Amino acid sequence: MRTIRVQTVDFDIEAEVGALTRGRADIGAVVTFTGLCRDEDGRLAALELEHYPGMAEAEIARVAAEAEARWPLLGLTVVHRSGRLEPGEQIVLVATASRHREAAFEAAAFLMDYLKTRAPFWKKEHLADGSCGEWVAAKGEDDAAAERWAAPASAGSGRTSSAEVATFSRRREKAAAKRPDEGQTGPS
Amino acid sequence: MKALYFAWVRERIGRTEEALTPPNTVRTVSDLIAWLAGRGEEYAYAFENPRIIRTAIDRAHVKHDAPIAGAREIAFFPPMTGG
């Protein structure tokens, strides 16, 4: 079961997990990740989330299909909100269900890393002093986090080898030196 | 083709979408960005650093060397910051 939604209203984590597991006896693990709006030490009054309707859902579906191909998932849910969100509010939910925890953990991390760099959403800051802040700049560390999945997955076992971890560390340093905000013509 | 602009690209250009009819010499995304940048101050500002501009054709990411022939919808936006 795959559920993908972009919405302005809040989501209910329990309800979403319930929809994944209801009536099933084969699922042994559910992992949820929830992203929240931070106030950045009191600096922010809100974040404005803009998205590309149609493409946002399509791109999340492409990322979901990759996750389903790499890990033995029994269910997957992604809910991403748009519009004005205040500190403390939920922004994004990723939930993955599998027979065993490793696939669910790894697929959830993969989905989040890829969503951040590929799903067409943009955050604009609204500052606590009432003024309109800047658009949030993309972070090199987000690209590095997504890049670590580029190495072929050991699908099934779902384990990351130490060699892959080492590659990830080196890429992360390289990406951090290269950014912020340029050096790429496209994420794909 | 229909062009869509998002986030600060949209703000700099001052519109969310428009119909474009580029000349035949404009073949790739790169060509289109260069052509758009020559349309006026607001476009020059939006595309002042083409390397950081991301593009999607018909709702899928493409690189700047992608051909635009047959594109119905082409979108320009900054690197993504969702999640």
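Residues numbered from 1 in each chain as written. Chains lettered and ligands numbered in written order. Predicted model: local features only at pLDDT ≥ 70, side-chain atom pairs only at ≥ 80, totals over all residues. Heavy atoms only, no water.

1. Quick word on the overall build of chain B
Selection criterion: Only DSSP runs of H or I covering at least 4 residues are called helices, and only runs of E covering at least 2 are called strands; the numbering of each starts at the N terminus. C-alpha atoms define the radius of gyration in this analysis, and the globule rule sets the expected value at 2.2 Å times the number of residues to the power 0.38. Exposure categories follow from relative accessible area, calculated using a 1.4 Å probe and restricted to protein chains: below 20% of the type maximum is buried, above 50% is exposed, and the middle band is partly exposed. Every residue pair with non-hydrogen atoms within 4.5 Å of one another is taken to be in contact.
Helix and strand counts for chain B stand at 3 helices and 5 strands. Seen in sequence order, chain B has helices and strands lined up from the N terminus as β-α-β-α-α-β-β-β. Computed over its C-alpha atoms, the radius of gyration of chain B comes to 12 Å, within 12% of the 12 Å expected for a compact globule of 83 residues. Oriented by its inertia axes, the alpha-carbon framework of chain B measures out at about 35 × 30 × 20 Å. Relative to its 83 residues, chain B shows a buried fraction of 51%. Counted over contacts in chain B with a minimum sequence separation of 6, partners at least 24 positions apart contribute 51%.

2. A closer look at the environment of A:Thr8
All names here are of chain A. Looking at where Thr8 falls in the secondary structure, it is placed in the loop between β1 (2-7) and α1 (13-21). Distance in space between the C-alpha atoms of Thr8 and Ser82 is 5.0 Å, their sequence separation being 74 residues. Apart from residues lying up to four places away in sequence, Thr8 is in contact with Arg81 and Ser82.

3. Side note on the nonpolar core
Defined as follows: Definition of nonpolar core: a set of buried residues of the types Ala, Val, Leu, Ile, Met, Phe, Trp, Tyr and Cys, connected through side-chain atoms within 4.5 Å.
With 34 residues, the main nonpolar core has A:Tyr52, B:Tyr5, B:Val9, B:Phe47 and B:Phe76 as its most contacted residues. Contributing elements (two or more residues each) for this core: β1 (2-5), α1 (7-13), α2 (29-37), α3 (41-46), β3 (54-57) and β5 (73-77) of chain B. Ignoring anything within four residues of it in the chain, the contact list for B:Val9 reads B:Ala46, B:Phe47, B:Ile53, B:Phe76, B:Phe77 and B:Pro78. If you look at the next biggest cluster of nonpolar residues, it comprises 32 residues, including A:Leu47, A:Val63, A:Val78 and A:Leu115.

4. Thoughts on the sheet that holds β5(B)
Residue and element names in this part refer to chain B. We apply this condition: Note on pairing: DSSP must find at least two bridges between two strands before they are called paired. Note on definitions: angles span 0 to 180 degrees between N-to-C directions of axes, and those axes are lines fitted to C-alpha atoms, for helices only across the stretch in contact.
Pairing is mixed across the open sheet formed by 5 strands, whose spatial order is β2-β1-β5-β3-β4. Looking along the sheet, the strands with just one partner apiece sit at the ends: β2 (17-19) and β4 (60-62). The sheet shows a mean angle of 25° between the axes of neighbouring strands, taken without regard to direction. Of the pairings in the sheet, the one linking β1 to β5 comprises 4 bridges and is parallel in character. Across the sheet, residue Leu4 finds its bridge partner in β5, namely Ala75. With respect to the sheet, α2 is in contact with β1, β3, β4 and β5, its orientation differing from that of β5 by roughly 70°.

5. A few points about the layout of surface pockets
Here the idea is plain: a probe the size of a water molecule rolls over the atoms and shows the empty space left. The criterion, for reference: A pocket, in this scheme, is an open set of points on a 1 Å grid over the protein atoms alone with protein on both sides within 12 Å along at least 5 of 7 lines, while a cavity is a set where a 1.4 Å probe fits but cannot get out; residues line either one if an atom lies within 4 Å of a point. Grid points are joined across faces, edges and corners, and a volume is the space filled by probe spheres set on the points. Just so you know the grouping, Ala, Val, Leu, Ile, Met, Phe, Trp, Tyr, Cys and Pro go in nonpolar, Asp, Glu, Lys and Arg go in charged, and all remaining residues, Gly too, go in polar.
By volume, the largest pocket is sized at about 420 Å³. Contributing to the lining of the largest pocket are 23 residues, with A:Arg38, A:Lys116, A:Lys123, A:Lys139 and B:Gly83 lying nearest its centre. Counting residues per element, the ones that place at least two in the lining of the largest pocket are β2 (29-36), β3 (44-51), α3 (101-118), β7 (121-127) and α4 (140-147) of chain A. No other element matches the 3 residues that β2(A) contributes to the lining of the largest pocket. A per-class count over the lining of the largest pocket returns 11 nonpolar, 4 polar and 8 charged.

6. Some thoughts on the pattern of salt bridges
Opposite charge on two side chains permits pairing when their charged atoms draw close. All names here are of chain A. Heads up, the condition is: Any carboxyl oxygen of Asp or Glu that lies within 4 Å of a side-chain nitrogen of Lys or Arg is treated as forming a salt bridge with it.
Tallied over the entire structure, the rule returns 19 salt bridges over all chains. For the salt bridge of Glu59 with Arg62, the shortest nitrogen-to-oxygen distance reads 2.7 Å. Highlighted residues: Glu59 and Arg62, both in helix α2 (residues 55-70), separated by 3 residues, approximately one helical turn. Taking relative accessible area as the criterion, Glu59 reaches 3% and is therefore assigned buried.

7. Section: the packing of α2(A) against α3(A)
Residue and element names in this part refer to chain A. To keep it simple, the criterion reads: Put simply, angles under 35 degrees are roughly parallel, angles over 145 are roughly antiparallel, angles from 65 to 115 are roughly perpendicular, and the rest are oblique. Each crossing is labelled by how the near helix is turned from the far one, with a counterclockwise turn of less than a right angle marking it left-handed and a clockwise turn marking it right-handed.
At a minimum axis distance of 10 Å, the contact between α2 and α3 shows a crossing angle of 150°. It follows from the interaxial angle that α2 and α3 lie roughly antiparallel. Remark: the crossing between α2 and α3 carries right-handed chirality. Between α2 and α3, the residues in contact are Glu59, Ile60, Arg62, Val63, Ala64, Glu66, Ala67 and Arg70 and Phe110, Leu111, Tyr114, Leu115 and Arg118, respectively.

8. Quick look at the interface of chain A and chain B
It is common to give the size of an interface as the accessible area lost on bringing the parts into contact. For the record, the criterion: Buried area, as used here, totals the accessible surface that two parts lose on assembly, with accessibility defined by a 1.4 Å probe and the loss added over both.
Facing the 34 residues of chain A at the interface are 27 residues of chain B. A combined buried area of about 2,700 Å² lies between chain A and chain B, and 53% of that area is made up of carbon and sulfur atoms. Across the contact surface, chain A and chain B share 2 salt bridges. Between A:Lys124 and B:Glu11 there is a salt bridge, with its nearest N and O atoms 2.5 Å apart. Split into classes, the residues belonging to the side of chain A that touches chain B amount to 15 nonpolar, 9 polar and 10 charged.

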